[in-house]
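# A closer look at the structure
One letter stands for each residue in the lines below.
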Amino acid sequence: MTELRTAVSRLRRELAGHPAEFPDRGIAEDELAALDAMAINGEPEIPRLRRSLLLIAGAIGSVSALASALRDVRVAVDLFGEPPRG
């Protein structure tokens, strides 16, 4: 949980400080807030974590200045393992 909260916090700070506006910025901000809430609650749902990660990556994936912080979020999500196969 600590790794996820740290990575999400970093990406939120970097996104807030990024001067450029882009169409899906709000989506990224909303999903980062959702990830943070899951981390605070202590029992995140792996499929929901992965969905949020995909939405964030899609929203800010082309902003190279945020790539390192986004990678950290992905690594933190990966620590929870794979979602169950259904």
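Structural notes, computed from the coordinates. (Residues numbered from 1 in each chain as written. Predicted model: local features only at pLDDT ≥ 70, side-chain atom pairs only at ≥ 80, totals over all residues. Heavy atoms only, no water.)

### Observations regarding the side chain of Ser 52
Stated formally: Helical segments are the DSSP runs of H or I of at least four residues, strand segments are the runs of E of at least two, and each set is numbered from the N terminus. Polar contact is the term for a pair of N or O atoms within 3.5 Å; when the atoms are in protein, one must be able to donate a hydrogen and the other to accept it, and sequence-neighboring residues count only if both atoms are side-chain atoms. Any pair of residues with heavy atoms lying within 4.5 Å of one another is described as a contacting pair.
Inspection of the secondary structure assignment puts Ser 52 in helix H3 (residues 46-60). Within the local environment of Ser 52, its side chain forms a polar contact with the side chain of Glu 31, the two groups lying 2.6 Å apart. Other than its neighbours up to four places away in sequence, Ser 52 contacts Glu 31, Ala 34, Leu 35 and Met 38.

### With respect to the packing of helix H1 (residues 2-17) against helix H2 (residues 25-41)
When two helices pack together, their arrangement is given by the angle between the helix axes and the distance between those axes. Stated precisely, the cut-off is as follows: Interaxial angle, 0 to 180 degrees, is taken between N-to-C directions of lines fitted to C-alpha atoms, where a helix line uses only the stretch in contact. Comment on the angle field: the value is read as roughly parallel under 35 degrees, roughly antiparallel over 145, roughly perpendicular from 65 to 115, and oblique elsewhere. Whether a crossing is left-handed or right-handed is set by the direction in which the near helix is turned from the far one by less than a right angle, anticlockwise for left-handed and clockwise for right-handed. Three residue categories are used. Nonpolar comprises Ala, Val, Leu, Ile, Met, Phe, Trp, Tyr, Cys and Pro, charged comprises Asp, Glu, Lys and Arg, and polar comprises the others, including Gly.
Relative orientation of the contacting elements H1 and H2 amounts to 155°, with a least axis distance of 9 Å. The angle between H1 and H2 places the two elements in the roughly antiparallel class. Considering only the axes of H1 and H2, their crossing is left-handed. Contacts from Leu 4, Arg 5, Val 8, Leu 11, Arg 12, Leu 15 and Ala 16 of H1 reach H2 at Arg 25, Ala 28, Glu 29, Leu 32, Ala 33, Leu 35, Asp 36, Ala 39 and Ile 40. Its residues assigned to classes, the contact of H1 with H2 comprises 11 nonpolar, no polar and 5 charged.

### Description of the side chain of Arg 25
Within the secondary structure layout, Arg 25 lies in helix H2. There is a polar contact of 3.1 Å between the side chain of Arg 25 and the backbone oxygen of His 18. In contact with Arg 25, other than residues within four places in its own chain, are Leu 15, Ala 16, His 18 and Ala 20.

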